[in-house]
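Structure assessment
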2 protein chains.
Amino acid sequence: MDRQILAYFELHPNEYISGEQLSEKLGCSRTAVWKHISALRDQGYSFEAVPRRGYRLTGVPDRYDLAELLSKLHTTTMGRTIKLFDSVESTQTVAHKFASQGAAEGTLVLAEQQTAGRGRMGRSWHSPKGKGVWMSLILRPLVPLQFTPQLTLLVAVALCRAIRQIEQVPVAIKWPNDLLIEGKKVSGILLESSAEDERLKYVIAGIGISVNLRAEDYTGELLEKATSLRITSGAEWNRSELIRTFLEQFEQLYTLYHEEGFEPIRVAWEALTISLGRPLLARTTKGNVEGVAESIDEMGALLVRQSDGTLTKLYSAEI
Amino acid sequence: MDRQILAYFELHPNEYISGEQLSEKLGCSRTAVWKHISALRDQGYSFEAVPRRGYRLTGVPDRYDLAELLSKLHTTTMGRTIKLFDSVESTQTVAHKFASQGAAEGTLVLAEQQTAGRGRMGRSWHSPKGKGVWMSLILRPLVPLQFTPQLTLLVAVALCRAIRQIEQVPVAIKWPNDLLIEGKKVSGILLESSAEDERLKYVIAGIGISVNLRAEDYTGELLEKATSLRITSGAEWNRSELIRTFLEQFEQLYTLYHEEGFEPIRVAWEALTISLGRPLLARTTKGNVEGVAESIDEMGALLVRQSDGTLTKLYSAEI
């Protein structure tokens with residue numbers, strides 16, 4: 001039925017087609033039509049819906065072209081192997097499997113769609129087909145496990161720089177690892193790590209970027225808290241270019257990090273963040289901390305000056 | 001055939017039986033007899049072998065009695081659930097499975113035998129049936145991942161104290177987490193952790209203790225580097241008592257750690273170690289460090305004073 005609806009729209013390009021018309025042509029109820037349109041949206045098709053005129057097909061799904069993506073990629077390690085999937089539950093889960101089977105550093109797991117994308121703290125992450133970048137990068141950093149928070153910040157810097165390199169949108173980092181545009185979330189980063197004593201076995205950097213989602217792709221009140229690159233800039237973004245730019249930025253910073261340590265990353269992070277110099281309330285496992293974030297320390301912890309003058313180190317918190 | 005050999009020894013308690021005698025009675029070669037004796041040793045039987053006299057059965061396998069173990073255990077959380085196996089590849093692997101399926105803190109995976117026991121750095125760990133304590137404890141500590149090295153030290157302190165509480169053997173800690181008696185390894189600890197950003201999802205504390213192994217259970221040159229509690233003290237140890245004492249010591253220290261932080265653990269560790277105040281050579285991923293270990297810092301790193309006076313922090317190394 002989805003295919004029949006699509007064929008009908010393709011026969012009538014740029015036309016508005018009413019739900020009534022579709023239900024007659026296809027011999028089903030208007031509720032069924034609405035359900036099929038929703039299903040097509042989940043598959044990456046875009047429809048404009050105008051009251052009393054009907055639906056208009058405005059976009060077909062964007063698909064990765066792996067050969068094109070790899071041919072233009074200027075990196076030595078990062079993304080040299082890409083495992084592309086049409087649909088997975090979560091790229092993190094797939095990447096864990098590859099990593100525990102010995103996949104090389106830089107292996108990228110990429111999916112057009114995630115059916116059970118994961119965010120921090122077990123939250124779900126909305127990952128509709130073809131509209132965003134949903135990926136997980138396998139790393140095998142030669143640093144002890146205490147340094148993983150530095151890697152979280154490093155990924156955020158690379159991603160923020162990559163977006164800005166493509167177009168000057170006002171994207172910034174919220175500690176530790178969300179990217180926001182004008183206060184709304186556009187990207188989330190989730191680092192999962194596996195260690196044996198102090199030795200990191202591997203780290204999976206999970207990255208979700210809301211690239212070409214439109215306002216109608218967000219349900220309920222989500223639009224108040226979330227946005228996409230397309231909504232911000234008013235135009236479609238090339239997802240492959242975004243992935244390439246990120247991998248190149250990341251490789252450069254990751255090499256710098258292994259050669260010169262965290263200091264240059266720390267400086268770059270502080271230049272891109274909106275989390276410093278403002279009052280904040282952080283929920284930690286040991287209670288709330290209220291104060292003003294002053295800087296991050298050499299391990300990647302946030303230093304918060306409380307009203308009584310004491311300086312508290314935050315390793316992990318909800319802000 | 002193993003059963004027939006055992007029956008023959010049981011018919012002649014405390015007697016020496018020659019390989020020749022056995023090979024005649026059982027109608028097999030003397031090489032075959034030797035192989036069966038070896039197989040029985042792997043199953044936990046002990047034989048004394050005296051040249052020109054033959055073999056004498058000196059011990060039958062010790063078996064855990066789960067009801068007895070649990071009934072005498074005075075803890076609130078640690079070991080309240082025990083998953084006992086006759087034989088597993090590795091208790092660590094089994095514990096990872098339970099932990100990722102949501103097993104509660106304190107769940108203990110215990111096995112009579114490991115067929116592929118794991119040590120640090122992918123090394124194997126000799127775990128013959130019934131002769132040692134091979135176990136993995138699932139923890140869900142409410143501390144950020146940077147603090148896991150502290151947990152490694154905490155486990156070592158609890159284990160060292162438990163052994164000394166049962167009998168005054170000169171057991172001590174070699175940084176970060178081996179237990180030695182007179183320079184020979186008697187126990188190894190391996191902490192594996194899984195984290196999401198700075199949040200620890202779970203930690204598996206793997207513990208191997210060579211309890212009732214005899215000299216003949218060690219092959220090749222292993223006896224130069226390894227020992228057992230039995231070899232040291234000259235008598236069999238009760239494995240269940242050792243597990244209980246460890247769990248009780250551990251729970252006490254773990255509670256203290258959550259309430260008062262690392263400082264009391266650090267002090268206790270320093271009192272039990274042989275790694276401070278001596279010259280050492282450490283191999284790290286960034287090259288060798290030579291010097292004298294002075295102390296451990298508030299994060300659990302080893303502070304080494306090099307000959308040029310500089311102080312180096314070691315997070316992870318081979319000593």
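Just above sits the structure.
Heads up: these notes are all about the structure in this document. (Residues numbered from 1 in each chain as written. Chains lettered and ligands numbered in written order. Predicted model: local features only at pLDDT ≥ 70, side-chain atom pairs only at ≥ 80, totals over all residues. Heavy atoms only, no water.)

What follows covers helix 3 (residues 30–42) of chain B. All names here are of chain B. Over its 13 residues, helix 3 extends 19 Å from the first C-alpha to the last, a length consistent with the 18 Å expected when each residue adds 1.5 Å. Those residues of helix 3 hidden inside the fold are in contact with helix 1 (2–11), helix 2 (19–26), strand 1 (46–50) and strand 2 (54–59). Note on helix 3: the residue one or two positions beyond its end, Gly-44, has a positive phi of about 110°. (Helix = DSSP H or I, 4+ residues; strand = E, 2+ residues; numbered from the N terminus. Expected span 1.5 Å × (residues − 1). Contact = heavy atoms within 4.5 Å.)

A few words now on empty space enclosed by the protein. In this approach a probe as big as a water molecule rolls over the atoms, and the regions it shows empty are the leftover space. Within the structure shown, the criterion is met by three cavities of 30 Å³ or more. Each pocket or cavity is described by its volume, and for the largest cavity that value is around 40 Å³. Along the walls of the largest cavity sit Pro-149, Thr-152, Leu-153, Trp-175, Pro-176, Gly-300, Ala-301, Leu-314 and Tyr-315 of chain A together with Gln-146 and Glu-198 of chain B, which together make up its complete lining. Residue classes in the lining of the largest cavity are distributed as seven nonpolar, three polar and one charged. Structurally, the lining of the largest cavity is a two-domain feature, drawing no fewer than three residues from each of domain 2 (66–271) and domain 3 (275–314) of chain A. (1 Å grid on protein atoms, 1.4 Å probe; cavity = no way out; pocket = protein on both sides within 12 Å on 5 of 7 lines; lining within 4 Å. Points joined across faces, edges and corners; volume = space filled by probe spheres on them. Nonpolar A, V, L, I, M, F, W, Y, C, P; charged D, E, K, R; others polar. Domains from an automatic or database assignment.)

On to the relation of the copies chain B and chain A. The operation relating chain B to chain A is a screw motion whose rotation component is 180°, with 0.1 Å of axial translation and a residual RMSD of 0.3 Å. This pairing of chains is accounted for by a two-fold axis. Take the interface residues of chain B: 100% of them recur as interface residues in chain A, which is what a same-surface contact looks like. (Least-squares fit on C-alpha atoms with pLDDT ≥ 70 in both.)

Turning our attention to the packing of helix 6 (residues 148–166) of chain B against helix 9 (residues 239–260) of chain B. Residue and element names in this part refer to chain B. One way to put it is that helix 6 packs onto helix 9 with a least axis distance of 8 Å and a crossing angle of 135°. The orientation of helix 6 relative to helix 9 falls into the category oblique. Crossing of helix 6 over helix 9 shows right-handed handedness. Side by side, helix 6 and helix 9 meet where Gln-150, Leu-151, Leu-154, Val-155, Val-157, Ala-158, Leu-159, Arg-161, Ala-162, Ile-163, Gln-165 and Ile-166 of the first sit next to Glu-241, Leu-242, Thr-245, Phe-246, Gln-249, Phe-250, Leu-253, Tyr-254 and Tyr-257 of the second. (Axes fitted to C-alpha atoms, helices over the stretch in contact; angles between N-to-C directions. Parallel < 35°, antiparallel > 145°, perpendicular 65-115°, else oblique. Left-handed = near helix turned anticlockwise from the far one by under 90°.)

Keep in mind these numbers describe shape, not what the thing actually does.
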